[in-house]
Amino acid sequence: MTETIRIVEVGPRDGLQNEATQVATATKIALIEQLIEAGHSTIELTSFVSPKWVPQMADAADVATRFRERTDLRLPVLVPNLQGLERALESGVREIAVFTAASDAFNRRNTNATIDESLNRFVPVLERAKSDGLRVRGYVSTVLGCPYQGEVPLAEVVRVSKALHRMGCYEISLGDTIGIGTPRKARGMLRAVADEVPLSALAVHFHDTRGQALANVFACVEAGVRVVDASVAGLGGCPYAQGASGNVATEDVVYALHGMGFNTGIDLSRLVAAGRFICHAIERRNGSKVALAWPS
Ligand code: HMG
Ligand code: MG
């Protein structure tokens, strides 16, 4: 039987959060509709963070509300605190993602909190989410290096991942926020975390700043991970991680995985069309090699 890899499409959130010019809400919604058409089962829609920190995501409620009836899909949103959770609940969200890091220096800049302060912040968020029947995903950023502190101890990646899992996150996404890792290091990091958190509860999230993301995905898939975050057309970056470029392009991941004999449930041709649509709409070059080679 063909093995399945679940792709978590982060384009509408990670892909767009860094855009300096406001992307029209209708364009965001049209992108998500096309990603659904392409067969995605999991799409991170938006983030309910402070609009003062990330103005691009100020329309989170309008985006999320539009998809509140799609209970057949997993449509997580980022939530940094209880205020974000309240807003997400009002928009009919059924799944959230909390986010912290393995480096205090990055986490302070990203969320104005140390790692431990952010973990404490999540306690009431997870309690409330649980009582409302929401699923909660957890992100750990800077797992292979930090733009401010440099090296990040592996023990810290393991500690934070374990803490999020214990707290009730059903899946932990391990983020190479600045795309600094290389395949063996990425696989070593995954294995170290998998010693403490079941591999089936882990996902990988690679940014492609140095062109290593697809190789890192491959190394981790070979090591057994079965959930991969990716962004259509390779869009994205974190506004609080200088020099961070887009995520690994979903088209390239899907092409590689299909070539390796995995099933993703995604129609590559429709996915390429979705990537071309958003690149045209926001006047960005397409970061997917597969999309560039795809017949027009
Ligand atoms: P803070 O300034 O310490 O928050 O920010 P605060 O509680 O003191 O509140 C300050 C103001 O923000 C108040 O408004 C609050 O109401 C408001 P004022 O009284 O001044 O008018 N506020 C909010 N408004 C709406 N929704 C909310 C909310 N919270 C506070 N949820 C905070 C702390 C965490 C809110 C802020 O730092 C923040 O929003 N940070 C998010 C930054 C971000 O979105 N980064 C990108 C996502 S993470 C990422 O990309 C990495 C990832 O992809 C994985 C990887 O690649 O590694 C996931
Ligand atoms: Mg990211």
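Note that the structure is predicted; figures quoted are calculated from it, not measured. (Residues numbered from 1 in each chain as written. Chains lettered and ligands numbered in written order. Predicted model: local features only at pLDDT ≥ 70, side-chain atom pairs only at ≥ 80, totals over all residues. Heavy atoms only, no water.)

1. Observations concerning the coordination of the magnesium ion (ligand 2)
Phase 1: Note on the magnesium ion (ligand 2): its protein donors are Asp14 (OD), His205 (NE2) and His207 (NE2). The metal-donor distances range over 2.0 to 2.3 Å.
Phase 2: In the primary structure, the donors to the magnesium ion (ligand 2) are separated according to the pattern D-x190-H-x1-H. Here His207 lies in the loop between strand S7 (202–206) and helix H9 (213–222) and Asp14 lies in helix H1 (residues 11–15), a separation of 193 residues in the sequence. Across this residue pair, the class does not change: Asp14 and His207 are buried. (Donors = N, O, S within 2.8 Å, 3.2 Å for Na, K, Ca; no water. Helix = DSSP H or I, 4+ residues; strand = E, 2+ residues; numbered from the N terminus. Buried < 20%, exposed > 50% of the residue type's maximum accessible area, 1.4 Å probe, protein only.)

2. Looking at the sheet that holds strand S2 (residues 42–43)
Phase 1: Read across the open sheet, the eight strands follow the order S2-S1-S8-S7-S6-S5-S4-S3; overall the sheet is parallel. Lying at the two open borders of the sheet, with one neighbouring strand each, are S2 and strand S3 (77–78).
Phase 2: Pairing of strand S1 (residues 6–9) with strand S8 (residues 227–230) involves four bridges; the strand directions are parallel. Bridging across to S8, Ile7 finds its partner in Val228.
Phase 3: Strands in contact with helix H5 (residues 104–111) are strand S4 (95–101) and strand S5 (135–141); relative to S4, the strand with the most contacts, it is inclined by about 130°.
Phase 4: The sheet contacts of H9 involve strand S6 (171–176), S7 and S8, and relative to S7 the element is tilted by about 165°. (Pairing = 2+ DSSP bridges. Contact = heavy atoms within 4.5 Å. Axes fitted to C-alpha atoms, helices over the stretch in contact; angles between N-to-C directions.)

3. Regarding the packing of aromatic side chains
Phase 1: Per the stated rule, a full pass over the model turns up zero aromatic pairs.
Phase 2: The side chain of Arg109 reaches across the aromatic face of Tyr148, ending 3.9 Å from its centre.
Phase 3: Over the aromatic face of Tyr170 sits the side chain of Arg135, whose NZ or CZ is 4.2 Å from the ring centroid. (Phe/Tyr/Trp six-rings, centres within 6.5 Å; stacked < 30°, edge-to-face > 60°. Lys NZ or Arg CZ within 6 Å of the ring centre and 35° of its normal.)

4. Here we look at the pairing of S5
Phase 1: Burial within S5 is extensive, with six of its seven residues counted as buried.
Phase 2: Across seven bridges, the pairing between S4 and S5 is parallel. Paired with Thr100 across the bridge in S5 is Val140.
Phase 3: Note that S5 and S6 share four bridges and pair parallel. Counterpart to Val140 in the pairing with S6 is Leu174.
Phase 4: Taken together, S5, helix H7 (residues 154–167) and S6 constitute a β-α-β crossover, and its handedness is right-handed. (Right-handed = clockwise from strand over helix to strand, strands pointing away.)

5. Examining the site of ligand 1
Phase 1: Inspection of the region around ligand 1 gives 29 residues, with Gln17, Lys52, Asn112, Ser141 and Thr177 positioned closest.
Phase 2: Between His205 and ligand 1, the recorded distance is 3.0 Å, taken from a side-chain N or O atom to an oxygen atom.
Phase 3: The fraction of the free accessible surface of ligand 1 (1,100 Å²) that becomes covered by protein chains is 77%.
Phase 4: Of all elements in the fold, only H1, helix H4 (82–90), H5 and S5 reach the threshold of two or more residues within the shell around ligand 1.
Phase 5: No other element matches the three residues that H4 contributes to the shell around ligand 1.
Phase 6: Here the residues of the shell around ligand 1 are counted per class, giving eleven nonpolar, 13 polar and five charged. (Near = heavy atom within 4 Å. Polar contact = N/O pair within 3.5 Å; in protein donor to acceptor, adjacent residues only side chain to side chain. Areas by Shrake-Rupley, 256 points an atom, 1.4 Å probe, with all protein chains shown as cover. Nonpolar A, V, L, I, M, F, W, Y, C, P; charged D, E, K, R; others polar.)

That's the geometry; what it means functionally is another story.
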